[in-house]
Amino acid sequence: MKYAMVTGGSRGIGRAVCVKLAQMGYNVIINYVSNDAEAEKTLALVREAGTDGELLKFDVSDYDATITAIEGWQTAHKGEYIEVLVNNAGVRRDNLMLWMEREDWLKVLNTSLGAFYNVTRPVLQPMIRKKFGRIINMGSLSGLKGLPGQCNYSSAKGGLIAATKALAQEIGKKNVTVNAIAPGFINTDMVEGLDVETLKGSIPMGRFGEPEEVAALVGFLASKEAGYITGECISINGGLYS
Ligand code: NDP
């Protein structure tokens with residue numbers, strides 16, 4: 001049995017990634033924080049794709065909760081390990097820096113960048129021991145370019161992309177690859193409330209991306225064929241920024 005874990009797997013890009021990894025033969029550990037009904041839907045889709053999965057509900061920004069959940073899984077699965085980790089969970093709390101509450105700053109930083117530490121560290125050692133692993137971090141165009149109203153989100157995603165490059169160099173010799181993806185605008189709950197028509201006008205391809213298009217890239221980076229790609233951040237944004 002091969003195992004993959006996807007944080008924020010209950011909805012949006014994370015759900016599409018869970019289905020993609022299931023199609024590749026992975027048993028998928030679906031993490032989420034609150035939305036039980038949507039997480040169950042993802043699990044059903046994973047099973048439809050021909051493998052199995054399980055729900056692992058915890059808040060990735062909470063260090064103790066994350067360690068308890070992951071170590072609990074590891075204890076229950078002696079001799080097995082998570083060979084693909086997709087750090088995908090994320091939130092937006094946009095505001096101009098002038099008005100940004102400290103709570104919103106910390107929430108976004110802790111859910112993307114703090115979670116990278118919380119989730120990756122306990123999963124890393126078995127990957128290194130087994131000499132095979134794939135870590136894929138969901139960055140953002142905002143983390144490459146910086147976007148107004150997103151000092152928190154741009155910092156979190158920029159930090160995540162930098163951590164990707166650093167970790168890749170630490171563990172390359174162990175045959176564990178670490179890459180990031182930087183999506184532009186993707187049709188999920190996260191883009192609700194944005195001025196879609198105006199934004200589309202600024203995208204060379206004239207549309208938002210679909211979660212399945214991001215999942216296809218995750219699938220490739222997780223595959224054996226992508227074994228010589230590490231420390232990269234790959235944009236998927238319809239030509240919006242390169
Ligand atoms: P959604 O809002 O559709 O889904 C977010 C997912 O993250 C949900 O599964 C949610 O769980 C989970 N989540 C949120 N907070 C936590 C937490 N503290 N612990 C565990 N899980 C959590 O987002 P998207 O699918 O759009 O985004 C996925 C990733 O892609 C994010 O990192 C986002 O920043 C990034 N991204 C998205 C873009 C877009 O245009 N959509 C563009 C660039 C990057 P629950 O259902 O329980 O709330």
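It should be noted that the structure appears before, not after, this text.
Quantities reported herein were computed from a predicted structural model and do not represent experimental measurements.

About the thresholds
- The written sequence of each chain sets the order in which its residues are numbered from 1.
- The predicted nature of this model means local features are confined to residues of pLDDT at least 70 and side-chain atom pairs, given and counted, to a pLDDT of 80 or more, with totals for whole chains, interfaces and linings taken over all residues.
- Excluded from the side-chain calculations are hydrogens and water; all other atoms, namely the structure's heavy atoms, are used.
- Cavities and pockets were defined on a 1 Å grid built over protein atoms only: a cavity is a set of grid points that admits a 1.4 Å probe from which the probe cannot escape, a pocket is an open set flanked by protein on both sides within 12 Å along at least five of seven lines, and lining residues are those with an atom within 4 Å of any such point.
- Grid points are joined across faces, edges and corners, and a volume is the space filled by probe spheres set on the points.
- In this description a helix means any DSSP run of H or I spanning at least four residues, a strand means any run of E spanning at least two, and both kinds are numbered starting from the N terminus.
- Residue polarity follows a fixed list, in which Ala, Val, Leu, Ile, Met, Phe, Trp, Tyr, Cys and Pro are nonpolar, Asp, Glu, Lys and Arg are charged, and the others, Gly among them, are polar.
- Orientation is described by axes fitted as lines to C-alpha atoms, over the contacting stretch for helices, and by angles from 0 to 180 degrees between their N-to-C directions.
- Orientation is classified from the angle alone, with under 35 degrees giving roughly parallel, over 145 giving roughly antiparallel, 65 to 115 giving roughly perpendicular, and any other angle giving oblique.
- By definition, turning the near helix anticlockwise from the far helix through less than a right angle yields a left-handed crossing, and turning it clockwise yields a right-handed one.
- By definition in these notes, contact holds between two residues if any of their heavy atoms fall within 4.5 Å.
- In this analysis, strands are considered paired if DSSP registers two or more bridges between them.
- Look down the strands so they point away from you; if going from the first strand over the helix to the second traces a clockwise path, that crossover is right-handed.
- Note on terminology: near, applied to a residue and a molecule or strand, indicates that one of the residue's heavy atoms is within 4 Å of it.
- N or O atoms within 3.5 Å of each other form a polar contact, as long as, within protein, one can give a hydrogen and the other can take it, and as long as residues adjacent in sequence are counted only when both atoms are side-chain atoms.
- Here the accessible surface of atoms and residues is derived via Shrake-Rupley with a 1.4 Å probe, and residues count as covered only by protein chains that are part of the display.
- Criterion for pocket placement: a molecule counts as inside a cavity or pocket if more than half of its atoms are within 2 Å of its grid points.

K.L.:
Quick question: what am I supposed to make of empty space enclosed by the protein here?
P.N.:
Over the atoms a probe the size of a water molecule is rolled, and this reveals where empty space is left. The final tally for this structure, using the stated rule, is 1 cavity of 30 Å³ or more. Approximately 60 Å³ is the volume found for the largest cavity. Forming the walls of the largest cavity are 13 residues, and the residues nearest its centre are Asn87, Ala89, Thr111, Ser112 and Ala115. Those elements that provide at least two residues to the lining of the largest cavity are helix H4 (102-130) and helix H6 (151-171). Per element, the largest residue contribution to the lining of the largest cavity is 5 residues, and it comes from H4. Of the residues assigned to the lining of the largest cavity, the class counts are 7 nonpolar, 5 polar and 1 charged.

K.L.:
Help me out: how do you make sense of the packing of helix H1 (residues 12-23) against helix H8 (residues 211-222) in this one?
P.N.:
Two measures define how a pair of helices packs: the angle their axes make with one another and the distance between the axes. In the contact formed by H1 and H8, the axes pass within 8 Å of each other and the chain directions differ by 50°. Compared by their axis directions, H1 and H8 come out oblique. For H1 against H8, the interelement crossing comes out right-handed. For the pair formed by H1 and H8, the contact residues are Gly12, Ile13, Ala16, Val17, Lys20 and Leu21 on the first element and Pro211, Glu212, Val214, Ala215, Ala216, Val218, Gly219 and Ala222 on the second.

K.L.:
Honestly, the pairing of strand E3 (residues 53-57) in this entry has me stumped. Any pointers?
P.N.:
Regular strands place their side chains on alternate faces of the sheet. Across 5 bridges, the pairing between strand E2 (residues 27-32) and E3 is parallel. Of the residues in E3, the one forming a bridge with Val28 is Gly53. This β-α-β element, E2 to helix H2 (residues 36-48) to E3, shows right-handed connectivity.

K.L.:
Is there a simple way to explain the site of the ligand in this structure?
P.N.:
Neighbouring the ligand are 32 residues, the closest being Ser10, Ser34, Asn88, Tyr153 and Thr188. Here an oxygen atom of the ligand sits 2.8 Å away from a polar atom, N or O, in the main chain of Ile13. Within the backbone of Ile186, a nitrogen or oxygen atom sits 2.8 Å from an oxygen atom of the ligand. Considered on its own, the ligand offers 910 Å² of accessible surface; in the complex 95% of this is hidden by protein. Among the detected pockets, the ligand sits in the largest pocket. Those elements giving two or more residues to the shell around the ligand turn out to be H1, E2 and H6. For the shell around the ligand, the class distribution of residues is 14 nonpolar, 14 polar and 4 charged.

K.L.:
I'm lost on the environment of Ala222 in this one. Help?
P.N.:
Tracing the sequence through the fold places Ala222 in helix H8. For Ala222 and Met97, which are 125 residues apart along the polypeptide, the C-alpha to C-alpha distance reads 36 Å. Excluding anything up to four places from it in sequence, Ala222 contacts Leu21, Met24, Tyr26, Val84, Arg134 and Ile136.

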